[in-house]
Amino acid sequence: MDFIFMLTRNDRTIEDAEDLVDAVCDLGVRHIGFKDVGVPPATMQALVGRIRRCGGTCYLEVVSTTPEAVARSLEAGRALGVDRILGGTDLAAAKRILGELSCYFPFPGRPQGHPTRLDGSAALVAEHTRAAVAAGCGGVDLLAYRATEADPLDLVRAARRALPGGTLIVAGSVHSKEQIDALAGAGADAFTIGSSVFDGSFSPAKGSLRGQILDILAASNNAPRIAA
């Protein structure tokens, strides 16, 4: 699976995000993202430039909640020229603003609040995932471990079955090797981690960002892939 390192904590981009890009790329991270809250547009633009110069793939995750704010975030992602935009649920707005949707990965289910929680059953996640496929999206961004009504892995399996050939990203509250192994077994293609790097909870015995990142990369590279 791909490890997408989010330069975020508590669902907000950290203020010194740009300062970390070179260091994490040197460790082998190739997928780096940030969220549409926490820093001004100029900082986000600088982040995109730094990630590109390091040869990374750049992600923007939309965590805005109102339709107007989500539309502004999608417009910002287009203007920034990020490689992939994650989040949001309004496929019609995404089509209007982004045009072609192969690099867009909406949230299936019903995301609520900030930090975001996910309401909805496995059946609803599958329904929304099929709608994303029909709209031409590259896949979905599933907040599996933020689920309030269903087992996280049931949601992953449901999305995987509804997403033949698409990319299934799992975002939010991933903080252990056991979770990464479980996600691989359920059919995820990628996962995001931000807060558990910065608070040291992925590898509690290690205090450095370097130690957290290397352990996550090792877990990602060694996770057993099992057919969902």
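All chains use their own residue numbering, which begins from 1 and follows the written sequence. Selection of residues for local features in this predicted model requires a pLDDT of at least 70, selection of side-chain atom pairs for listing and counting requires 80 or more, and totals for whole chains, interfaces and linings are taken over all residues. Hydrogen atoms and water are omitted, and side-chain values are computed over all heavy atoms in the structure.

Draft legend 1. Geometry of the nonpolar core. The biggest cluster of nonpolar side chains holds 66 residues, and the ones touching the most others in it are Ile180 and Leu183. The criterion used for residue contact is that any of the two residues' heavy atoms lie within 4.5 Å. In this structure leucine 183 touches Met1, Tyr145, Leu153, Val156, Val170, Val174, Ala188 and Phe191, once residues within four positions along its chain are discounted. Here, nonpolar core refers to any group of buried Ala, Val, Leu, Ile, Met, Phe, Trp, Tyr and Cys residues whose side-chain atoms link them within 4.5 Å. A simple rule labels every residue: compare its accessible area, found with a 1.4 Å probe on the protein chains alone, to the largest value its type can have, and call it buried under 20%, exposed over 50%, or partly exposed in between.

Draft legend 2. Spatial organisation of helix α3 (residues 67-80). The first and last C-alpha atoms of α3 sit 20 Å apart over 14 residues, in line with the 20 Å expected at 1.5 Å per residue. Just downstream of α3 lies glycine 81, where phi reads positive at about 75°. Each helix is a run of H or I in the DSSP string that is no shorter than four residues. Each strand is a run of E no shorter than two, and both are numbered from the N terminus. In a helix, the anticipated span is given by 1.5 Å times the number of residues less one.

Draft legend 3. How the structure looks around the packing of aromatic side chains. Aromatic pairing here means that ring centres of Phe, Tyr or Trp (its six-membered ring) are within 6.5 Å. Orientation follows from the plane angle: under 30 degrees is stacked, over 60 is edge-to-face, and everything else is tilted. Following the criterion strictly, the structure yields 3 aromatic pairs and no others. Judged by centre distance (5.7 Å) and plane angle (15°), the rings of phenylalanine 3 and phenylalanine 191 are stacked. Remark: phenylalanine 191 occurs in strand β12 (residues 190-193) and phenylalanine 3 occurs in strand β1 (residues 2-6); sequence separation between them is 188 residues. By the burial criterion, phenylalanine 3 is buried, and phenylalanine 191 matches it. Arranged with centres 5.7 Å apart and planes meeting at 35°, the rings of phenylalanine 5 and phenylalanine 198 form a pair that is tilted. Linking phenylalanine 5 in strand β1 with phenylalanine 198 in helix α8 (residues 195-198), this pair joins segments that are 193 residues apart in sequence. Three or more aromatic residues joined by ring pairs make a cluster, and in this case those are Phe3, Phe5, Phe191 and Phe198.

Draft legend 4. How the structure looks around the pairing of β1. Within β1, 4 of the 5 residues are buried, which leaves it mostly tucked inside the rest of the structure. Pairing analysis gives 4 bridges linking β1 to β12, with the strands arranged parallel. In the strand pairing of β12, isoleucine 4 is matched with threonine 192. A pair of strands is considered paired only if DSSP assigns at least 2 bridges between the two.

Draft legend 5. Structural view of the environment of leucine 168. With respect to the helices and strands, leucine 168 occurs in strand β11 (residues 167-170). You can call leucine 168 buried: its relative accessible area is 0%. C-alpha separation for the pair leucine 168 and phenylalanine 105, spaced 63 residues apart in sequence, amounts to 8.5 Å. Excluding residues that lie within four positions of it along the chain, leucine 168 makes contacts with Val140, Leu142, Val156, Ala159, Arg160, Leu163, Gly187, Ala188, Asp189 and Ala190.

Draft legend 6. Quick peek at the side chain of histidine 31. Structurally, the position occupied by histidine 31 is in strand β4 (residues 31-35). On the accessibility criterion, histidine 31 (16% relative accessible area) is buried. The contact partners of histidine 31, leaving out residues within four places of it in the chain, are Asp2, Phe3, Ile4, Phe5, Thr57 and Tyr59.

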